Amino acid sequence: MMKPRKIKEGIYWVGAVDWDRRLFDDLIPLPDGTSYNAYLIQGSEKTALIDTVDPTTSHVLLDRLDQLNVERIDYVIANHAEKDHSGTLPQVLERYPAAQVVCTPKCKGMLVDMLLAPEDRILAVDDGATLSLGDRTLEFIHAPWVHWPETMLTYLREDKILFPCDFFGSHLATTDLYVTDEGRVYEAAKRYYAEIMMPFRKIIQKNLKKVQGYDISLIAPSHGPMYDRPEFILEAYHDWVFGEPKNIVVLPYISMHGSTRVMVNYLVDALVEKGVTVEQFNLAVTDIGKLAMALVDAATIVIGSPTVLTGAHPNVVYAAYLANALRPKTKFVSIIGSYGWGGKMVQQLAGMISNLKVEVLDPVVIQGHPRDEDFAALDKLAATIAEKHKALK
Ligand code: FEO
């Protein structure tokens, strides 16, 4: 028996906490599990359900609705077509035959394509459209590319609650309905931003400005706890999307026989001596979510790799691909590493990061174990990075 959780009279959290999930999209690590939040809003005349839950947890949502004795749902608001929020729509529509799905025009097409949802039960709404539940009013705010093209946010006017779906979310399984530990949620929300939202940073800037025009007392996202101090997450997002990159080098690397590791260690020491913070990641063991988080603020990425079959190590290729796809606000990139007899690693990696609007600093790629002149080149690279970072402040 799954009990709903009351937010206030007529408004309930009816989602599912997925304590055991460890991977999203077979790609993104979830060290702390996640939740799929759905919310029931009862007006004096109509009842709306905001989003549904991942199809693996359908029974949880339906059980919570049963506990509330919900006999009729008039509207199911689909803020986002991705299945962790829309995947239980078919069951909800079957159980509540009067229910209409409300979403953006683009989302309507996606729900039909992805879920084979019945087109005649989907109501597409324009940006700024409203829907009355009687004494409560829902306003729909189109927010394309947060993080799919069809996304929208829903604002409950009378209660000043924003339901932003993935926007501001965190992959965090918790019994806390509201944020209680801001440090813990900050980490989870930053990881979420880095993995899901950062590629759309420029569009997020616009959507963030749009949201800041609303009077918000509570942000109720689709993952993680709710924010009853909205400025906490709004200020964090403002820093992530608008803030200048910080005096940080992110150094993802692989070393097969030790030469690259010697170079990494030397460069890290040289940078630290010059007052630069370094976050290094051995890609043989690293959590890519941690790497993504580090990229949110870093001014510089230095990639370290040995040469394998004339190119970079496959794990390094993966990291470079990821950094390119995530489009962080990084300003400078360099490459260090070692080769046995030749290769085209520098050209290969430089060609893989074309999305990044960066200045490429002279790489230090050497044959075999580093010698005095190679350490001198690393010292020069560290000095260049430190100078470039000073100019950022
Ligand atoms: Fe939580 Fe984009 O789905």
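An account of the accompanying structure is given in this report. Just so it is clear, the model here is predicted, and its values are computed rather than measured. (Residues numbered from 1 in each chain as written. Predicted model: local features only at pLDDT ≥ 70, side-chain atom pairs only at ≥ 80, totals over all residues. Heavy atoms only, no water.)

A few points about the environment of Cys-165
The topology assignment puts Cys-165 in the loop between strand S15 (161–163) and helix H5 (182–197). Considering only alpha carbons, one finds Cys-165 and Glu-9, 156 residues apart in sequence, at a separation of 22 Å. (Helix = DSSP H or I, 4+ residues; strand = E, 2+ residues; numbered from the N terminus.)

Digging into the nonpolar core
In terms of nonpolar packing, the biggest core is built from 63 residues, with Leu-162, Phe-167, Phe-168, Tyr-227, Tyr-237 and Leu-349 touching the most fellow members. At eight residues, H5 tops the list of elements feeding residues into this core. When residues are assigned to domains, this core turns out to be shared by domain 1 (5–242) and domain 2 (246–386), each giving three or more. Discounting chain neighbours no more than four positions away, the residues touching Phe-167 are Val-146, Leu-153, Met-197, Ile-204, Asn-207, Leu-208, Val-211, Pro-221 and Tyr-237. (Core = buried A, V, L, I, M, F, W, Y, C linked by side-chain atoms within 4.5 Å. Buried < 20%, exposed > 50% of the residue type's maximum accessible area, 1.4 Å probe, protein only. Domains from an automatic or database assignment. Contact = heavy atoms within 4.5 Å.)

Focus on the pairing of strand S18 (residues 277–282)
Sheet analysis places strand S17 (residues 246–253) next to S18, joined by six bridges and oriented parallel. Counted as the bridge partner of Pro-252 is Phe-281 from S18. Taken together, S17, helix H8 (residues 259–273) and S18 form a β-α-β motif whose crossover is right-handed. (Pairing = 2+ DSSP bridges. Right-handed = clockwise from strand over helix to strand, strands pointing away.)

Quick word on the pattern of salt bridges
Within this structure, the stated rule accounts for 18 salt bridges. Across the pair Lys-6 and Glu-9 runs a salt bridge, and its minimum N-O distance is 2.7 Å. For Lys-6, a relative accessible area of 46% corresponds to the partly exposed category. Relative accessible area serves as the criterion here: at 57%, Glu-9 is assigned to the exposed category. Between Asp-297 and Lys-190 there is a salt bridge; the shortest N-O distance is 2.5 Å. Remark: Lys-190 occurs in helix H5 and Asp-297 occurs in the loop between helix H9 (288–295) and strand S19 (298–308); sequence separation between them is 107 residues. Both residues of the pair, Asp-297 and Lys-190, count as buried. Linked through salt bridges whose partners overlap, the residues forming this network are Lys-190, Asp-239, Lys-246 and Asp-297. (Salt bridge = Lys/Arg side-chain N within 4 Å of Asp/Glu carboxyl O.)

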